[in-house]
Amino acid sequence: MEMTRRRPTAHLGVLMRFLDFGVNQLTVHKSLRAGIIFFLLIYYLICLESLSAAELFVHNSIGKDTNSGSKDEPLATIQQAVRLAQPGDQITLLPPRAVYRQSVTLHNKSDLTIEGNLVTLEGADPLPQTGWEDLGNDLSRRQLPRTVWDRHLLIVDDITERMGRTQSANAPAFPKPEELIEGQFCFENIDEKQGWLYVKGSIRNLEWAVRPNGVATGGKTERITIRNLSARHFLNDGFNVHGQTTGFHCHTIQGYDCFDEGFGAHDDCECLVQRGDFWGNENGVADVNRAITMYEECLFYGNVHVDVLLVGERHVLNDCRIVNQTEARALSAGPRETRTGEPFRLDLSEVTIIGKKKSPARIRINGGLLKMQGCRFENVELNTLGAEIVE
């Protein structure tokens, strides 16, 4: 069954004849008549875009990428749906709450909606119980391809282990295999392509992160909406926004247990995130360079380095919560470099930041303009040296 796309352009001539007849019957001023025609044409164009849009379906277990993308013939991968999609289309993921061991890149795409249906994009693959070399003393190893950027995440019984390592230069080295304790791992490179994964303890229920990003953008990408989607266990970011990406809107998303960020806007990007949860990453979110971002009703907690890192151009946190549970800095913001245009600006509205009882949450705003309204800080160390407080 082929997916049909309604194209009502043939009706444009009929509409114009109707407008010519109907509006000319009105005894109105010429300028008002022109205004009515203009309004009706705009209304028609809106309807035209809606009618010409299609819905593409993806089903990760029964779909095939040679299918049409209809509900009866779903595709297998989100990437193939993106290739087929036209501006105005919606991509719907099935079945609801499924785990997709895949990722998607949006490059030079516009006017698309991805309805995630509470699907989780998974950056890791299961490791088989066969093929391991038993080294004795409950220590096992197997040969694996080296991962991208030599980053490593092992998921043990659904718990993510990174061995304290991050992308920063001062990240700790792996322990030697004989120094591992139960539940830990290390990776030793063999050559440019292969390495040894050492695991101490059971080799049951293990997963190994292999994919770089959950959702990535690049090029000139405009007016993308993503709803009800999670991304976990990726070697870079759950949501990685690059290129000239504007009108990037995410609603009800989660980015967690990724090696780098849960969500990151890294270039000339304009993003709105509503109802997002970000935890277990190196940084919950990290927006840099020329990024302009707004977060509404979002939750950040349990990250390794910084819960919220905002060093782009302009950022807004509205009705958000930062629950600082680790040694990570709760909030770090400010201009990263000298600017010649508009100054860096951060707006905090109805933001709650809660620190640990024995150690306050650290907030550092080191420049630019800062506006705070209706915020609640509990056990917080606030440093705004260099920032200008504005009303």
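Up top is the structure these notes are about.
Residues numbered from 1 in each chain as written. Predicted model: local features only at pLDDT ≥ 70, side-chain atom pairs only at ≥ 80, totals over all residues. Heavy atoms only, no water.

(A) Here's a closer look at the sheet that holds strand 4 (residues 104-107). Reading across from one edge, 4-14-16-18-20-23-26-29-32 is the order of the nine strands in this open sheet, with parallel pairing throughout. Edge positions in the sheet fall to strand 4 and strand 32 (380-383), since each of these pairs with one other strand and no more. Going across the sheet, the axis of each strand differs from the next one's by a mean of 10°, ignoring polarity. Pairing of strand 29 (residues 361-365) with strand 32, which is carried by four bridges, proceeds in the parallel orientation. Among the inter-strand pairings, Arg362 is bridged to a residue of strand 32, identified as Glu381. (Pairing = 2+ DSSP bridges. Helix = DSSP H or I, 4+ residues; strand = E, 2+ residues; numbered from the N terminus. Axes fitted to C-alpha atoms, helices over the stretch in contact; angles between N-to-C directions.)

(B) Region of the structure containing the state of the cysteines. Per the stated rule, a full pass over the model turns up zero disulfides. Free cysteine: Cys250, not disulfide-bonded; nearest cysteine sulfur from Cys271 at 7.2 Å. (Disulfide = S-S within 2.5 Å.)

(C) Highlighting the sheet that holds strand 7 (residues 133-134). The sheet built from four strands is open, its strands ordered 7-8-12-11 with antiparallel pairing. Each edge of the sheet is formed by a strand with only one pairing partner; in this case those strands are strand 7 and strand 11 (185-189). Bridge count for strand 8 (residues 139-145) against strand 12 (residues 194-200) is seven bridges, and the pairing is antiparallel. If you follow Ser140 over to strand 12, its bridge partner there is Val199.

(D) Looking closely at the packing of aromatic side chains. With the rule as written, the count across this model stands at 11 aromatic pairs. On the basis of an interplanar angle of 20° and a centroid distance of 5.8 Å, the ring pair of Phe278 and Phe300 is categorised as stacked. Here the residue Phe278 occupies a position in strand 19 (residues 270-279), and Phe300 occupies one in strand 22 (residues 299-301), the gap between them amounting to 22 residues. Ring pairing ties together the aromatic residues Phe239, Phe248, Phe263, Phe278, Tyr295 and Phe300, which thus form one cluster. The ring of Trp196 has Arg141 sitting right over it, with the charged end atom 3.7 Å from the ring centre. The ring centre of Trp132 lies 5.2 Å from the NZ or CZ of Arg142, which sits over that ring. (Phe/Tyr/Trp six-rings, centres within 6.5 Å; stacked < 30°, edge-to-face > 60°. Lys NZ or Arg CZ within 6 Å of the ring centre and 35° of its normal.)

(E) Inspection of the nonpolar core at higher detail. Phe263, Tyr295 and Leu331 are the most contacted members of the largest nonpolar core, which totals 58 residues. Ranked by size, the runner-up nonpolar core spans 17 residues in total, among them Leu139, Leu144, Leu154 and Cys186. (Core = buried A, V, L, I, M, F, W, Y, C linked by side-chain atoms within 4.5 Å. Buried < 20%, exposed > 50% of the residue type's maximum accessible area, 1.4 Å probe, protein only.)

(F) The pattern of salt bridges, seen in detail. Under the defined criterion, the tally for this structure stands at 12 salt bridges. The shortest N-O distance in the salt bridge between Glu115 and Arg227 comes to 3.0 Å. Here Glu115 is found in strand 5 (residues 110-122), whereas its partner Arg227 is found in strand 15 (residues 220-232), with 112 residues between them in sequence. Using a relative accessible area of 11% as the deciding quantity, one classes Glu115 as buried. Judged by its relative accessible area of 28%, Arg227 is partly exposed. A salt bridge links Glu297 to Arg275; its shortest N-O distance comes to 3.6 Å. (Salt bridge = Lys/Arg side-chain N within 4 Å of Asp/Glu carboxyl O.)

(G) Broad picture of the pairing of strand 5. Pairing of strand 2 (residues 90-94) with strand 5, which is carried by three bridges, proceeds in the parallel orientation. Of the residues in strand 5, the one forming a bridge with Thr92 is Glu115. In the sheet, strand 3 (residues 99-100) pairs with strand 5 via two bridges, with the strands oriented parallel. Opposite Val99, over in strand 5, you have Thr120 as the bridge partner. Of the strand pairs in this sheet, strand 5 and strand 15 are connected by nine bridges, and their pairing is parallel. Its bridge partner being in strand 15, Thr120 is matched across the sheet by Ser230.

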